[in-house]
Amino acid sequence: YPRTIKNLPPEMAGKRKIIVGARGSLLSRAQANIIISALKKKSPGAEFIFKKILTSGDKDKAWLREDTGIFVKEIENALLSGEIDIAVHSAKDLPSEIPAGLKIAAVPKRENPADVLIAGQKLSLIKIKPGSTIGTSSPRRRAQLLKRRPDLIIKDLRGNLDTRIKKLEAGEFSAIVIALAGIKRLKIKNLWTQILPKGIMLPCAGQGALAIEIREGDKFIAELVHPINHPPSYICVSCERSFIQGLRAGCRLPVGALAQIKGKRLFLEIKVLSPDGKQVIYLKKSAPAQEAELLGAALAKEAIKKGADKILKNDGSMVDSL
């Protein structure tokens, strides 16, 4: 693919405006702007317009539903219908199965995938008093918190990132746990945060990464987004997604997965937990970097052999968002 597209080809003469679709939250808009800015640098001959898409996950009481992909379904429908040309997602929001006719065309350089604890009294996880209330929307975070601190009270925390921080500041929670990437992308400062190491809090598949989804067969858009793809990030996210696909797990289950490239090898760590954190399957395996999807699938099979499917039968109803 060419590294830069300076002049639109003749077939695009009547379509100089490229529509980029995403959710309307502050974080989603910030992420879309990051992608649009990167694309403008690589393709100054193109004009990009942001289009806000209201998803099921943005609607009241959507959390009570068992649907997967509640933050992406309407965006993907807009992409399939031609209403938008490019979709920008948080990679962790994407279901393991991509709809026919669509594909992930690029994954820009990944942000730090870690989770962070934000405590009102600037206390670390180990120093928070027993019986304190911790807010999280994620069964994965809930299970890992209870594994480390079964004496804490974990309560549901809903809303966009700015809403969650306001709830903490209002004293509704002693602390909250969210993704570090969101804080960085919104450039939120003056917050005391403790980055939770992966030994305590393994991230969910795709956390910290953005996924650029396009229509299959759209060669022009594929060439347009190719220069902003970061191959190591793409490989790691593909590996993690292959694992959750093999496990048939998604963001609603207490499952963590993190792939990292070291030298020429790809290392994948996974955790499958019971909702209360008392049962844990932890596995780590490596393979050549070019075998990312095979590695993810192999570790999923191994986890199932160790009883992961039985642990996950008692699934949660929350979404691993933000």
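Report follows, based on the coordinates.

Procedures and definitions
- Residues numbered from 1 in each chain as written.
- Predicted model: local features only at pLDDT ≥ 70, side-chain atom pairs only at ≥ 80, totals over all residues.
- Heavy atoms only, no water.
- Helix = DSSP H or I, 4+ residues; strand = E, 2+ residues; numbered from the N terminus.
- Buried < 20%, exposed > 50% of the residue type's maximum accessible area, 1.4 Å probe, protein only.
- Contact = heavy atoms within 4.5 Å.
- Areas by Shrake-Rupley, 256 points an atom, 1.4 Å probe, with all protein chains shown as cover.
- Pairing = 2+ DSSP bridges.
- Right-handed = clockwise from strand over helix to strand, strands pointing away.
- Phe/Tyr/Trp six-rings, centres within 6.5 Å; stacked < 30°, edge-to-face > 60°.
- Lys NZ or Arg CZ within 6 Å of the ring centre and 35° of its normal.
- Core = buried A, V, L, I, M, F, W, Y, C linked by side-chain atoms within 4.5 Å.
- Axes fitted to C-alpha atoms, helices over the stretch in contact; angles between N-to-C directions.
- Polar contact = N/O pair within 3.5 Å; in protein donor to acceptor, adjacent residues only side chain to side chain.

1. A look at the overall build of the chain
Here comes step 1: Along the chain, the regular secondary structure elements total nine helices and 13 strands.
Here comes step 2: For the chain, buried positions account for 55% of its 322 residues.
Here comes step 3: Considering only contacts in the chain between residues 6 or more positions apart, those separated by 24 or more positions represent 72%.
Here comes step 4: Surface accessibility of the chain: about 14800 Å² in total, with carbon and sulfur atoms responsible for 51%.

2. Overview of the pairing of strand β1 (residues 17–22)
Here comes step 1: The element β1 is extensively covered by neighbouring structure, given that five of its six residues are classed as buried.
Here comes step 2: As paired strands, β1 and strand β2 (residues 47–52) are joined by six bridges and run parallel to one another. Bridge pairing in β2 places Ile18 opposite Phe48.
Here comes step 3: Considered for its hand, the β-α-β crossover made up of β1, helix α1 (residues 26–42) and β2 is right-handed.
Here comes step 4: As paired elements, β1 and strand β3 (residues 86–90) share two bridges and run parallel to each other. Considered in β3, the bridge of Val20 is made with Ile86.

3. Examining the packing of aromatic side chains
Here comes step 1: Tallying each qualifying case throughout the model produces zero aromatic pairs.
Here comes step 2: The positively charged end of Lys262 is found above the aromatic ring belonging to Phe267, 5.5 Å away from the centroid.

4. Points about helix α2 (residues 73–81)
The periodicity of an α-helix, 3.6 residues per turn, causes residues three or four positions apart to be oriented the same way.
Here comes step 1: Along α2, the positions that sit buried rather than exposed are Glu74, Ile75, Glu76, Ala78 and Leu79.
Here comes step 2: Those residues of α2 hidden inside the fold are in contact with β1, β3, β4 (102–106) and β10 (210–215).
Here comes step 3: Gly82 lies just past α2 and shows a positive phi near 90°.

5. A few points about the environment of Asn33
Here comes step 1: Its location among the elements puts Asn33 in helix α1.
Here comes step 2: Given the relative accessible area of 34%, Asn33 is considered partly exposed.
Here comes step 3: Asn33 sits 15 residues away from Phe48 along the chain, and the two C-alpha atoms are 9.9 Å apart.

6. Quick look at the nonpolar core
Here comes step 1: With 25 residues, the main nonpolar core has Phe243, Leu247, Leu268, Ile270 and Val272 as its most contacted residues.
Here comes step 2: Other than its neighbours up to four places away in sequence, Val272 contacts Phe243, Leu247, Pro254, Val255, Gln279, Val280, Ile281, Ala308, Ile311 and Leu312.
Here comes step 3: Listed in part, the 22 residues of the second largest apolar core include Val20, Ala32, Phe48 and Val88.

7. Some thoughts on the sheet that holds strand β8 (residues 175–179)
Here comes step 1: Strand order in the open sheet made by the five strands is β7-β6-β8-β5-β9, with mixed pairing throughout. Single-partner strands in this sheet number two, and they are β7 (153–156) and β9 (194–196). Put simply, the sheet's adjacent strands are angled 30° from each other on average, direction ignored.
Here comes step 2: Relative to β8, strand β5 (residues 115–119) runs antiparallel, the two sharing five bridges. Counterpart to Leu117 in the pairing with β8 is Val177.

8. Remarks on helix α3 (residues 139–148)
Here comes step 1: Of all the 10 residues making up α3, eight are buried; the element is thus mostly covered by neighbouring parts of the structure.
Here comes step 2: Within α3 the residues assigned to the buried category are Pro139, Arg140, Arg141, Arg142, Ala143, Gln144, Leu145 and Leu146.
Here comes step 3: Regarding α3, its N-cap is Ser138, as a side-chain oxygen of that residue lies 3.1 Å from the backbone nitrogen of Arg140 further along.

By themselves these figures say nothing about function.
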